[in-house]
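As a plain string of letters, each chain reads:
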Amino acid sequence: FPSHDRDAGIIPLVNSTFNSMKSNLKVLECAAKKIPCIASDVLPYSDCPEILKVNKQGDWYDHIKTLSKSESTRKRIGLANYEWANEHHNLHKWNKVRNELYKTLI
């Protein structure tokens, strides 16, 4: 799975009720390393706007081919995912919000 020596994360997931209750952690792991990812377009990944989504079998091939041919595309998508995750899932930011909430309750 994602590492500093990877070009992309591949995240297949079957569409099921059980899987829809999972988190988008794999996408966030890719985002933290500015790695683009290709994921099944199912919850929990369908809410992640800066990934390449797979809706049919041929999409896997098309997205892998796109990323393998262009380093600039890999960097652009990886950076966009990083910026989205940093804006919406930054723990430091959320801890500040929680701290302010706790202060109002005390």
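Conventions we followed
Residues numbered from 1 in each chain as written. Predicted model: local features only at pLDDT ≥ 70, side-chain atom pairs only at ≥ 80, totals over all residues. Heavy atoms only, no water. Helix = DSSP H or I, 4+ residues; strand = E, 2+ residues; numbered from the N terminus. Contact = heavy atoms within 4.5 Å. Areas by Shrake-Rupley, 256 points an atom, 1.4 Å probe, with all protein chains shown as cover. Lys, Arg positive; Asp, Glu negative; His and termini not counted. Charge placed at Lys NZ, Arg CZ, Asp CG, Glu CD. Phe/Tyr/Trp six-rings, centres within 6.5 Å; stacked < 30°, edge-to-face > 60°. Lys NZ or Arg CZ within 6 Å of the ring centre and 35° of its normal. Pairing = 2+ DSSP bridges. Salt bridge = Lys/Arg side-chain N within 4 Å of Asp/Glu carboxyl O. Buried < 20%, exposed > 50% of the residue type's maximum accessible area, 1.4 Å probe, protein only. Polar contact = N/O pair within 3.5 Å; in protein donor to acceptor, adjacent residues only side chain to side chain. Core = buried A, V, L, I, M, F, W, Y, C linked by side-chain atoms within 4.5 Å.

**Q** Would you mind showing me how to read the overall build of the chain here?
**A** Counting its secondary structure elements, the chain contains five helices and three strands. Based on the C-alpha atoms only, the size of the chain along its principal axes is roughly 55 × 35 × 20 Å. Residue pairs at least 24 apart in sequence account for 60% of intrachain contacts in the chain once pairs closer than 6 positions are excluded. When the accessible area of the chain is evaluated, it comes to approximately 7,300 Å², of which 55% is carbon and sulfur surface. Side chains of the chain give 16 positive and 12 negative charges; the mean places of these two sets differ by 2 Å.

**Q** Is there a simple way to think about the packing of aromatic side chains in this case?
**A** The geometry of two aromatic rings is summed up by the distance between their centres and the angle between their planes. Using the criterion set out here, one finds zero aromatic pairs in the structure. For K34, the ring lying beneath its charged end belongs to Y82, and the centroid distance is 4.6 Å.

**Q** Looking at this structure, how should I read the pairing of strand β2 (residues 37-40)?
**A** Across a regular strand the side chains alternate sides, sitting on one face of the sheet and then on the other. Both strand β1 (residues 9-11) and β2 contribute to a ladder of three bridges, which runs parallel. Bridge pairing in β2 links I11 to A39. Two strands pair when backbone bridges link them, and β2 and strand β3 (residues 52-54) are joined in this way by three bridges, in the parallel orientation. When the bridges of β3 are listed, A39 appears paired with K53.

**Q** Mind showing me how you'd approach the pattern of salt bridges here?
**A** Side chains bearing opposite charge may pair, as long as their charged atoms lie close to each other. Scanning all chains against the criterion turns up five salt bridges. Of the charged contacts, one joins D7 and R74 as a salt bridge, the two residues approaching to 4.0 Å between their closest N and O atoms. Here D7 is found in the segment before β1, whereas its partner R74 is found in helix α4 (residues 71-89), with 67 residues between them in sequence. Here E71 makes a salt bridge to K75, at a shortest N to O gap of 3.2 Å. Of this pair, E71 and K75 both sit in helix α4, four residues apart, which is roughly one turn of the helix. On the basis of relative accessibility, which here comes to 54%, the residue K75 falls in the exposed class.

**Q** How do you make sense of the side chain of T73 when you look at a structure like this?
**A** Along the chain, T73 turns up in helix α4. Only 2.8 Å separates the side chain of T73 from the side chain of S70, close enough to count as a polar contact. Those residues in contact with T73 that lie beyond four places of it in its chain are T66 and L67.

**Q** Where do I start with the nonpolar core in this structure?
**A** When a protein is soluble and globular, its nonpolar side chains tend to lie buried together. Ranked by size, the top nonpolar core spans 14 residues in total, and within it I11, V27, C37, Y45 and I51 carry the most contacts. When contributions to this core are tallied by element, the ones reaching two or more residues are α2 (25-32), β2 and α4. The greatest single-element share of this core, amounting to three residues, is contributed by α2. If sequence neighbours within four positions are ignored, V27 has contacts with I11, C37, Y45, C48, I51, N81 and W84.

Fair warning: the whole summary comes from geometry, so function is off the table for now.
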